[in-house]
Each structure stands twice: as C-alpha cells, then as structure tokens.
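Coordinate inspection notes
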Protein chains: 2
Amino acid sequence: MAKTGDRARTTAASALGSLDFALDRGSPVPLYHQLAQQLEAAIEHGVLAPGNLLGNEVDLAVRLGLSRPTVRQAIQSLVDKGLLVRRRGVGTQVVHSQVRRPLELSSLYDDLETAGQAPTTEVVRNEVVPAAGDVAAALGVPEGGEVTVLDRLRRTHGRPVALLRNYLPAPLLDLDSARLESTGLYRMMRSAGITLHSARQTVGARAATAREASRLDEEEGAALLTMRRTAYDDTGRPVEYGTHIYRASLYTFDFQLLVRP
Amino acid sequence: MAKTGDRARTTAASALGSLDFALDRGSPVPLYHQLAQQLEAAIEHGVLAPGNLLGNEVDLAVRLGLSRPTVRQAIQSLVDKGLLVRRRGVGTQVVHSQVRRPLELSSLYDDLETAGQAPTTEVVRNEVVPAAGDVAAALGVPEGGEVTVLDRLRRTHGRPVALLRNYLPAPLLDLDSARLESTGLYRMMRSAGITLHSARQTVGARAATAREASRLDEEEGAALLTMRRTAYDDTGRPVEYGTHIYRASLYTFDFQLLVRP
DNA sequence: TAGTGGTCTAGACCACAAT
DNA sequence: TTGTGGTCTAGACCACTAA
C-alpha cells in the first residue's frame, strides 16, 4: 500500500520509531526531560536529520506510553532551544543547520575551557574597598559601602587575553585567591549557593591605554573589546559588577540569537 | 489578628485580586496570552511591585475561571521573559529590578528608532555579484553564485554611526533602494514573507583603516566595533550574511541575558 | 477532506519549604 | 503539617495546511 510519497514520510518516522527511548518512571528526572534529552541526542548524532519530520504528537505519545501534554512539553523545550520547528498542519521538523549553543551567562573561564584553550588566571588584586559611585549604583549598596574588588589577568597558551575587574558586595562571598585561580568566579558563586538569574551587558570597543597595552602585550592604541556587566541572583539582587577588557586580536563574543515568535 | 508580616502578604495578594483581568473567550488571542499580557502590564505599571507574591496558581485559576494549566502557561511565559520567579513551596514573585528587554534579533535600525535616535540610511551600493568564498559558505550557495550585496551608511543626528554590508541570496528578495532607506532590511524581509528564526553573531573590535575612518568621520586607527552575522529562516536556510562596523565612540551592544534553569 | 499542531479542561499525586 | 509549585493524565475542540 505504501506509495512513494508515503515512503519518504515513513523513513523519517521510522528513524524515530527505531530509537529506543528509555523512559524511567522511577527516576527523579521528569519524563518530559528524559524524552527531550534523548531527542536532543538523536538530533545531535544525526539519527534525526535536518528536515526530518518527527511524526505527530498523538502517535508519539501513544507509542511512548505518555500523555500528549508531556510529549508536547518535551518537544517545546527543544523548540525553545532552536532545534525543532513546529508548523500547524504540517508537523514538527528538525531545523537545518548550524544551531549551536545560545548566548548564555557563562564566564570567560568556561568559554575558554570548553573551547579547549586551557585558560590560566592570575589574581592581581583581591581586597575590600569602599564603593565608588558607579559601583555603588550598580550593586545597590550605599556609596562608600564595603565591596570586594577583584582584578584578574587571564591567559591562554601563556598569552594574556583579558583583564577582568569585578566588584561584589563584600559580605556575599569569601573569595579565596587560590581557588579563584583554579575555578573561575561564577563557579565559586554557584557553589556558595548563589543562583544567577540574569545579567545586563554592554559590549563596546576602545583604544588601549599605555598601561593596558603593556599588561596585555599589545601596542598602545590597539583596539580592545570592552564588556560591562551587572549580574543578578534570582531575587533580583545585584551580586556582581564587572568591567572587562579583551584583546580584540585574540577574542570575540560569539553567540546565537533566537527570534521570539 | 493581622500582624505586620501577614499584612505585607495580604497587600500583595489583594493588589492582584483587585485587578480586573478581562478575559475574552471569543477573542482569537489565546486565554493564556491574554492573561500574560495583563500580568505583564500590571508589573510594568507597578501595580505588582517587585517582590510581591502572585498568590497561588490554584486560587488564581478558580478566580479567573480558568484551568490551572492555562494559568501556569501564562505565568511560565513571564518566567521565560525574566519578569517572574517561581519557588517551590514559596510562591511566584515579581523579580526585583532592572529587567529590561532581552537581546533580540533586532536590526540596528529598530534599535536606534526605539531609542529615539532618528536614524537615516544611505544605500551606497545595491547590486548582484558572484559570491566569494566566505559569502558562499555562509549563505550556502555555490561559489560564484548570484548574491545581492548591499552597502549602507547609517547616520543619527547627521553623524555617521555604522557601515553595514549585507549579502543575500539574489533570488530571495527584491531590494528597492528607496524602501531600504526608509524601512530597514529586516522589515522588508518580514513583509516579503521571510520569517527569521535564528542568527549567529560574532562581535569583535579592530582599528579603522584610512578608508573606513574617512567614511565614518573617525581618525585612522580609531577603535571600531565589528559584527558578523548569519541569519536563518525557520527552515534553517541562510537568508542573510552581514559584516558590519560601528563607531565605538557612538555605539555599543546592550543586552540582557537570562540563565536557563 | 484528512492530518497536524494549538488550546483548554478537570482532575490527580508528588516534592519541597516554611511553620 | 500546611501550602506551594512541579509533574502527569485522558480526554476535548479548534485552526491551519496540504492534497
């Protein structure tokens, strides 16, 4: 009975059908998340090729022994990640292409480490000082209140890449310089129970001063990438304010945007 | 019996209770979206102040005559926008602070327009050329295939701000220079039925060449902000590739990040 | 016309946090 | 212990797309 048109569809569907989705109802991991992870892995490994139809949600739910809302929740999470596209009356397709990780609130340390760049950090300064005007405003502390200022020099392959200056409300966290050099600031904050929620960033450029140039192995006047960021925890409290500069010859910001429907 | 602590809660809850959520079941706008819009407006106008609890979902659903999943969907959309935070066992709160618009796939034209900067555009070049290597790779066309190249100079208050170079697959769109000068490229694409889905961007910096400097009213060697972008439609097909440069003295990228839970 | 995703309902039980 | 959000079910009807 299968005609050619049907066979094309069947191929896409059976690629999905042959996958052994192992759902563990005893696991603390939600079912929709288990399914989403396995779908993502299938896309990642090319089992589900770009353009493939996923097969309709109702059948999928029946086949997996799940309810349709649960299956939808799994699919929706991948749509939000940009891996799938849904079209009413058509179906759910794997997005063609080049979808990578979106822009996340990651630290430079994580960025470089995942890129296999073996970053090292030198803590140049780590002390408590009274907050100046812009710092006080960004962190929501009174002017002159105590803040920790942190200057770090980051290198990859022995070459300096960035000068990082961060301010934190002093009572927030105990900043051990040795741990900072091996771990990165955001990881230390996370393991101290601070859950980052959002951040505002401004990225710009300017010429290097003589002092900056000498620290970064650049010529005076060389183009630098600048980043200013205020990060908030999930109560909306500012927990970090940073002004960073990067060697434009060695570093760029690379990220993906998704259009909200 | 109401102690001070209780009163704070009550106030927050009644602020929500006194809101007249007008849900129109005849409207083509989904109920969850109507609710989300009205909640967002209440937050925007300060009716729901930062830190206020929203009251539990079940009661809210009953009061509005909706099912709990529908109410949850509305709340979830605002959580995704970063306006609300949910805590199990605690409740749903309005996020403190400074939450603004997130980074979107907006055009510079839109950015400047919404900032009230009255941008003007001069189309310097608009022609069909064979695709060079990097352009062909980015747009997924054969090398030497026809692409439209578009050079534009953008000014605000009469001062040059950016040089925009864009490449598009030639058959995709009819690019009328006059309309481009009054409208912006992304709007033209949208009204041509192209729905943007995602983009990859790289932001960096470098020194201005003599030619760039003269076009942008800068000194040779001045720091420029650079942006390279490939945009995709919802089928994953590349629809635009751009290499832009901005005067760092007049322009920065400003955006908000949300941490995925 | 048939098939798809989009929306919505009315329940249920569980995990976690505060009291 | 109580109240909250987190998850899940088993249906229903609708709007849109393509043949």
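Procedures and definitions
- Residues numbered from 1 in each chain as written.
- Chains lettered and ligands numbered in written order.
- Predicted model: local features only at pLDDT ≥ 70, side-chain atom pairs only at ≥ 80, totals over all residues.
- Heavy atoms only, no water.
- Buried < 20%, exposed > 50% of the residue type's maximum accessible area, 1.4 Å probe, protein only.
- Helix = DSSP H or I, 4+ residues; strand = E, 2+ residues; numbered from the N terminus.
- Pairing = 2+ DSSP bridges.
- Core = buried A, V, L, I, M, F, W, Y, C linked by side-chain atoms within 4.5 Å.
- Contact = heavy atoms within 4.5 Å.
- Axes fitted to C-alpha atoms, helices over the stretch in contact; angles between N-to-C directions.
- Near = heavy atom within 4 Å.
- Polar contact = N/O pair within 3.5 Å; in protein donor to acceptor, adjacent residues only side chain to side chain.
- Nonpolar A, V, L, I, M, F, W, Y, C, P; charged D, E, K, R; others polar.
- Least-squares fit on C-alpha atoms with pLDDT ≥ 70 in both.
- Phe/Tyr/Trp six-rings, centres within 6.5 Å; stacked < 30°, edge-to-face > 60°.
- Arc of directions from axis to C-beta.
- Salt bridge = Lys/Arg side-chain N within 4 Å of Asp/Glu carboxyl O.
- Buried area = accessible area lost by both parts, 1.4 Å probe.

Residue and element names in this part refer to chain A. With nine of its 11 residues buried, strand β4 (residues 146-156) lies for the most part within the structure. Looking at chain direction, strand β3 (residues 119-130) and β4 are connected through 11 bridges and run antiparallel. Paired with Glu122 across the two strands is Leu153, which belongs to β4. Judged from the 10 bridges that link them, β4 and strand β5 (residues 159-169) form a sheet pairing that is antiparallel. Counted as the bridge partner of Leu153 is Leu163 from β5. In sequence, β4 turns back onto β5 through a hairpin of two residues, with His157 there showing a positive phi of about 50 degrees.

Within the largest apolar cluster, 28 residues are counted, with the highest numbers of intra-cluster contacts made by Val203, Tyr246 and Phe253 of chain A together with Val203, Tyr246 and Phe253 of chain B. In this structure Phe253 of chain A touches Val203, Leu225, Met227 and Tyr246 of chain A together with Gln201, Thr202 and Val203 of chain B, once residues within four positions along its chain are discounted.

Further remarks concern the sheet that holds strand β3 (residues 119-130) of chain B. Pairing within the open sheet is antiparallel, and its seven strands lie in the order β9(A)-β6(B)-β7(B)-β8(B)-β5(B)-β4(B)-β3(B). Where the open sheet ends on each side, the last strands, each with one partner, are β9 (253-258) of chain A together with β3 of chain B. Taken pair by pair, the neighbouring strands of this sheet meet at an average axis angle of 15 degrees, ignoring direction. As paired elements, strand β7 (residues 223-233) of chain B and strand β8 (residues 238-247) of chain B share nine bridges and run antiparallel to each other. Paired with Tyr232 of chain B across the two strands is Pro238 of chain B, which belongs to β8 of chain B.

The next point concerns the protein's contact with DNA strand D. Around DNA strand D, 25 residues are found, and the nearest of them are Arg25, Leu31, Ser67 and Thr70 of chain A together with Arg68 of chain B. Sugar plus phosphate: this is where 68% of the atoms of DNA strand D within 4 Å of the protein reside. In the environment of DNA strand D, a base nitrogen lies 2.8 Å from a nitrogen or oxygen atom belonging to the side chain of Arg68 of chain B. Note that a sugar or linking oxygen of DNA strand D is positioned 3.5 Å from one of the side-chain N or O atoms of Arg88 of chain B. Of all elements in the fold, only α2 (31-44) and α4 (68-81) of chain A together with α4 (68-80), β1 (84-87) and β2 (91-94) of chain B reach the threshold of two or more residues within the surface near DNA strand D. The element best represented in the surface near DNA strand D is α4 of chain A, accounting for three residues. Here the surface near DNA strand D is composed, by residue class, of seven nonpolar, nine polar and nine charged.

All right, on to the side chain of His197 of chain B then. Checked against the element boundaries, His197 of chain B lands in strand β6 (residues 196-207). A polar atom in the side chain of His197 of chain B sits 3.4 Å from the side chain of Ser198 of chain B. Dropping the residues within four chain positions of it, His197 of chain B is found in contact with Gly82, Val85, Val95, Leu257, Leu258 and Val259 of chain A together with Tyr232, Asp233 and Asp234 of chain B.

Each of the two chain copies can be brought onto the other by rotation about an axis and movement along it. You can overlay chain B on chain A at an RMSD of 0.1 Å; the transform is a turn of 180 degrees with a shift of 0.0 Å along its axis. Considering both components of the superposition, the chain copies are consistent with a two-fold axis. For chain B, the minimum C-alpha distance to the rotation axis belongs to Ala223 of chain B and amounts to 2.5 Å. A shared interface surface links the copies, since 100% of the contact residues of chain B are contact residues in chain A too.

A word on the packing of aromatic side chains. For the structure on display, the rule yields nine aromatic pairs over all chains. Connected via pairs of aromatic rings, a cluster forms that spans Tyr246, Tyr251 and Phe253 of chain A.

A few words now on helix α3 (residues 57-64) of chain A. Residue and element names in this part refer to chain A. Of the positions making up α3, those classed as buried are Glu57, Leu60, Ala61 and Leu64. Around the axis of α3, the buried residues are gathered within 100 degrees of arc, so they sit on the same side. Of the residues flanking the start of α3, the one acting as N-cap is Asn56, its side-chain oxygen 3.0 Å from the backbone nitrogen of Val58. Just beyond α3, the residue with positive phi is Gly65, at close to 70 degrees.

Moving on, we get to the pattern of salt bridges. Under the criterion given, the structure shown has 24 salt bridges over all chains. Note that Arg200 of chain B is salt-bridged to Asp254 of chain A, the shortest N-O span being 3.2 Å. Of this pair, Arg200 of chain B sits in strand β6 while Asp254 of chain A is found in strand β9, placing the two residues in two different chains. Residue Arg200 of chain B is classed as buried on the basis of its relative accessible area, which comes to 16%. We classify Asp254 of chain A as partly exposed; its relative accessible area is 36%. Salt bridges sharing common partners tie together Glu57, Arg68, Arg72 and Arg86 of chain A.

This brings us to the interface of chain B and chain A. With 45 residues of chain B at the contact, the number on the chain A side is 45 residues. Both faces considered, chain B and chain A share a buried interface measuring about 4,100 Å² in area, 54% of it formed by carbon and sulfur atoms. At the junction of chain B and chain A, the tally comes to four salt bridges. With 12 residues, the top contributor of residues to the side of chain B that touches chain A is β6 of chain B. Here the side of chain B that touches chain A is built from residues that sort into 20 nonpolar, 14 polar and 11 charged. Inspection of the sheet shows strand β6 (residues 196-207) of chain A paired to strand β9 (residues 253-258) of chain B by six bridges, in the antiparallel sense. Following the sheet pairing, Val203 of chain A is matched in β9 of chain B by Phe253 of chain B.

Taken together, the neighbourhood of DNA strand C is formed by 25 residues, with Gly89 of chain A together with Arg25, Leu31, Ser67 and Thr70 of chain B sitting nearest. Each atom of DNA strand C within 4 Å of the protein was classed as base or backbone; sugar and phosphate made up 69%. With respect to DNA strand C, the side chain of Arg68 of chain A contributes an N or O atom lying 2.9 Å from a base nitrogen. Between DNA strand C and the protein, one listed contact pairs a phosphate oxygen with a side-chain N or O atom of Arg86 of chain A at 3.1 Å. Sorting the residues of the surface near DNA strand C by element identifies α4, β1 (84-87) and β2 (91-94) of chain A together with α2 (31-44) and α4 of chain B as the ones contributing at least two each. Sort the elements by how many residues they give to the surface near DNA strand C and α4 of chain B lands first, with three residues. Residues of the surface near DNA strand C, tallied by class, amount to seven nonpolar, nine polar and nine charged.

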